[in-house]
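Below are the chains, spelled out letter by letter.
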Amino acid sequence: MKNRTFLLVPLMATILLGFKGNAQAADDTTSSSSAQSVVSSSIQSSSQVSSSNNQVESKSETVSSGSQVSSQSEKADSTEPVTETKADMPHIIYNTQVQNEGWKIPVSDGQISGSMAKAQRMEAMTINVTSKYSGDVQYRAYVQGIGWQNYVSNGQDAGTFGQSKRIEAFQVRLTGELAQNYDVYYHSYAQNLGWLGWTKNNGRSGTALVAYRLEAIQIKLVPKNTNGPSTSGAPYVEPANVSYSTHIQNLGWQQRKYNGELAGTTGRGLRIEGFNVEAHNNAGISGELIYNTFSQNIAWQNWVSQPTTAGTVGRGLRTEAMHMKLTGDMAKYYNVFYQVHVQNLGWLGLASNGELAGTTNLADRIESMRVIVTVKGQPAPTSMPTYRKSNYTYGFNIKQNRIGANASNNYFGYSDGSIIIAHEAGAPGSLDAQVAYMKNNWQTNQAFVSHFVGSNGRIEQLSDTGIAQWGAGATGNKKANAQVELARTTNYGTFKQDYAAYVWLLHTLAQQANIPTNVDSGSDRGIKTHRWISLTYHETDHVDPYGYLKSWGISEQQFRTDVSNGTSSLSNGQNAI
């Protein structure tokens, strides 16, 4: 549209002929006077926005369809005054066709076009300008199943019609005098991610290769050498890659692995001593992977940044556990998942975004590992199967929160260490509240246990094992090497995590004390429920924890099997450290 004279209403009416209207105007029967009214209203609205320090404020919306990143208000920075009069300034007008809604009413100069919070895809779009400058606006769309289309310009259609294909990304650029005097800024609202950062002048906006629809856009023109909208946040997201290498006992550094491949060995009894990891993204998103290790004779080491080696090399020390997490905008748009194969336990469950993977205080080596980075909103990768019958094996940290000078050693004496006793609290309450009450009242009540589990799989140890704790009658207390209390919850997701930690801890405590891991057997040794203690020694009347477990669908036989294996049979329990 070169050599245009800026006669607002007549020219805008002409431009609108290149747009599709709303649902009522989709058949191209909109009258010229109606077109003038629609566009004049759009320009008037944008002029009012411009007169208020040239700022445009985005509406804050809820991310649709399983969003994991909250949408946020976006504001354009104020721009410096330009020499042009308001009547001389160009305007950019755009329109989107939305699933189930058809063409939206054209908007302009930073207004929102599309349909957010309805899980509806953008399928087509048009963009045009009114300007005294020569030059065009050119744009193209990245379309489901097609990829990047060719550029179109000045009100032509980008995208598809009648094919139910989503637009996933787009680009916009200016030419001629228009490009010499103005920058074009734009950003998009993407499924699962919300509003992405602003980009300009043919930058990519949206996503690719993750099958996320665009739902809304904003576009505006900003004079050269003036401040445009904030460009913080990534404007464009696509899958990232991750590579990693392990240093193995007797073998040294191994060949680099990628995107979930197995690094290390299994079945050979060889420890991972050190490793390094590096995440790569081609979208220029800021951030990196950081990680640390729990190493033999050292405990937790400091966090290091990619691709620095974590753990040790040449010292003959095993790696026992690790954390990994992303930083910067990568943490906003990606998840990191990692999984380890541990001596005596096999593959543990997937950990992610800073969770612990591995074990501590068990002297078990990590033998193999894998790492995957995914875009937020994508499903978690498939877990490696464990060598055990149940779905996952868990490793948990045990936080020390002692009841106060192990004066309890002398207060209650020592046990003969032949059983582990399983309890549940009997009333709802957070782990912190239950532990605080026990710590404040154990001497008055002459009651305490060695371990408490609750509040999303956390474990706290209140006293040494081997002490005759006071929680199951005189005989049970004298026999118990450890007694474990399970805090109640009314949330099933929390219960899954608590249950996984509970069965793991009971099993682990028994193994550490060389006690059989079978539950409520006829033998005087093993793991015993409080109900078994009551029925066998007749000194208490409690029957926990079976009633509480049954309320969540865990049968007595399932509990016995899970504790014997040391793993939760609930497939999506998580270790929450």
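Residues numbered from 1 in each chain as written. Predicted model: local features only at pLDDT ≥ 70, side-chain atom pairs only at ≥ 80, totals over all residues. Heavy atoms only, no water.

Brief notes about the overall build of the protein chain
- Counting secondary structure elements, the protein chain contains 11 helices and 37 strands.
- Taking all 577 residues of the protein chain together, the buried fraction comes to 56%.
- Pairs at least 24 apart in sequence give 68% of the contacts found in the protein chain among residues at least 6 apart. (Helix = DSSP H or I, 4+ residues; strand = E, 2+ residues; numbered from the N terminus. Buried < 20%, exposed > 50% of the residue type's maximum accessible area, 1.4 Å probe, protein only. Contact = heavy atoms within 4.5 Å.)

Side note on the pairing of strand S34 (residues 451-454)
- Residues of S34 alternate between two faces, with His451 and Val453 on one and Phe452 and Gly454 on the opposite face, all of them buried.
- From the end of S34 to the start of strand S35 (residues 458-461), which pair antiparallel, there are 3 residues, and Ser455 there has a positive phi angle of about 55°.
- By the bridge criterion, 3 bridges tie S34 to strand S36 (residues 480-488) in an arrangement that is parallel. Looking at S36, one finds that His451 is bridged to Val484. (Pairing = 2+ DSSP bridges.)

Quick notes on the nonpolar core
- Core analysis: the largest hydrophobic core is formed by 67 residues, its most contacted members being Met324 and Tyr334.
- In this view, Met324 contacts Phe275, Val277, Leu289, Ile290, Tyr291, Trp303, Val336, Tyr338, Asn353, Gly354, Met369 and Val371; residues no more than four positions away in its chain are not counted.
- In this structure, Ala422, Leu486, Phe495 and Ile554 belong to the second largest nonpolar core, which totals 27 residues. (Core = buried A, V, L, I, M, F, W, Y, C linked by side-chain atoms within 4.5 Å.)

Considerations on the sheet that holds strand S32 (residues 399-400)
- Strand order across the open sheet formed by 6 strands is S32-S35-S34-S36-S33-S37, with mixed pairing between neighbours. A strand with exactly one partner marks an edge of an open sheet, and here the two such strands are S32 and strand S37 (526-529).
- Alignment of S32 against S35, held across 2 bridges, turns out to be parallel. Residue pairing for S35: Lys399 is matched across the bridge by Glu460.
- Most of the contacts of helix H6 (residues 431-445) go to S34, to which it runs at about 160°, and overall it touches strand S33 (419-428), S34, S35 and S36.
- Strands in contact with helix H8 (residues 492-512) are S33, S34, S35, S36 and S37; relative to S36, the strand with the most contacts, it is inclined by about 180°. (Axes fitted to C-alpha atoms, helices over the stretch in contact; angles between N-to-C directions.)

Description of the pairing of strand S27 (residues 334-342)
- Of all the 9 residues making up S27, 9 are buried; the element is thus mostly covered by neighbouring parts of the structure.
- Here S27 shows a buried face lined by Tyr334, Val336, Tyr338, Val340 and Val342 and a second buried face lined by Asn335, Phe337, Gln339 and His341.
- Here 9 bridges tie S27 to strand S31 (residues 366-375), and the two strands are oriented antiparallel to one another. Of the residues in S31, the one forming a bridge with Phe337 is Ile372.
- Both S27 and strand S29 (residues 351-352) contribute to a ladder of 2 bridges, which runs antiparallel. Bridge assignment links Tyr338 to a residue of S29, and that residue is Ala351.
- Examined bridge by bridge, S27 and strand S28 (residues 346-347) share 2 bridges and lie antiparallel to one another. Within S28, the residue paired with His341 across the bridge is Trp347.

Description of unusual backbone geometry
- Each neighbour pair has its own omega, and for Gln306 with Pro307 the value is -5°, a cis peptide bond.
- As for its position among the elements, Pro307 is in the loop between strand S24 (304-305) and strand S25 (310-311).
- For the bond from Asp544 to Pro545, the omega torsion is 5°, close enough to zero to count as cis.
- Inspection of the secondary structure assignment puts Pro545 in the loop between helix H9 (530-537) and helix H10 (546-551).
- Even without being glycine, Asn259 reaches a positive phi, approximately 45°.
- By the secondary structure assignment, Asn259 is in the loop between strand S19 (257-258) and strand S20 (263-264).

What to know about H9
- Every buried residue belonging to H9 is among His530, Trp532, Ile533, Ser534 and Tyr537, and all of these are buried.
- Buried positions along H9 lie against S33, helix H7 (473-479) and S37.

Focus: the side chain of Thr319
- If you trace the backbone, Thr319 turns up in strand S26 (residues 319-326).
- A polar side-chain atom of Thr319 sits 3.2 Å from the main-chain carbonyl oxygen of Glu273.
- Not counting residues up to four positions away in its chain, the partners in contact with Thr319 are Ile272, Glu273, Gly274, Thr293, Phe294, Ser295, Asp364, Arg365 and Ile366. (Polar contact = N/O pair within 3.5 Å; in protein donor to acceptor, adjacent residues only side chain to side chain.)

A closer look at the environment of Ala500
- As for its placement among the helices and strands, Ala500 is situated in helix H8.
- Spatially, the C-alpha atom of Ala500 lies 9.4 Å from that of Val563, the residues being 63 residues apart in sequence.

Examining the environment of Leu326
- As for its position among the elements, Leu326 is in strand S26.
- Sequence-wise, Leu326 and Gly287 are 39 residues apart; in three dimensions their C-alpha atoms are separated by 6.8 Å.

Looking at the pattern of salt bridges
- Here the structure, examined in full by the defined rule, presents 15 salt bridges.
- Glu215 is paired through a salt bridge with Arg213; the nearest N and O atoms lie 2.8 Å apart.
- A residue is classified by how much of its surface remains accessible, and Glu215, at 0% relative accessible area, is buried.
- Judged by its relative accessible area of 10%, Arg213 falls in the buried class.
- Through salt bridges with shared partners, a single ionic network connects Lys399, Asp432, Arg458 and Glu460. (Salt bridge = Lys/Arg side-chain N within 4 Å of Asp/Glu carboxyl O.)

Points about the packing of aromatic side chains
- Under the criterion given, the structure shown has 16 aromatic pairs.
- Taking the centre distance of 5.2 Å and the plane angle of 45° together, the rings of Phe170 and Tyr186 count as tilted. Residue Phe170 is found in strand S10 (residues 167-174), and its partner Tyr186 is found in strand S11 (residues 182-190); the two are separated by 16 residues along the sequence.
- Aromatic pair Phe495 and Tyr548: ring centres 5.9 Å apart, planes at 85°, arrangement edge-to-face. Pair noted here: Phe495 is in helix H8 and Tyr548 is in helix H10, with a separation of 53 residues, a long-range link.
- Judged by its relative accessible area of 0%, Phe495 falls in the buried class.
- The residue whose ring lies beneath Lys528 is Trp532, and the NZ or CZ to ring-centre distance is 4.1 Å. (Phe/Tyr/Trp six-rings, centres within 6.5 Å; stacked < 30°, edge-to-face > 60°. Lys NZ or Arg CZ within 6 Å of the ring centre and 35° of its normal.)

Things to note about the packing of H8 against helix H11 (residues 556-565)
- Put simply, H8 and H11 touch, their axes get as near as 7 Å, and they point 60° apart. In terms of orientation, H8 lies oblique with respect to H11. Between H8 and H11 the crossing geometry is right-handed. For the pair H8 and H11, the contacting residues are Tyr499, Tyr502, Val503, Leu506 and His507 in the first and Gln558, Phe559, Asp562, Val563, Ser564 and Asn565 in the second.
- Residue classes in the contact of H8 with H11 are distributed as 6 nonpolar, 4 polar and 1 charged. (Parallel < 35°, antiparallel > 145°, perpendicular 65-115°, else oblique. Left-handed = near helix turned anticlockwise from the far one by under 90°. Nonpolar A, V, L, I, M, F, W, Y, C, P; charged D, E, K, R; others polar.)

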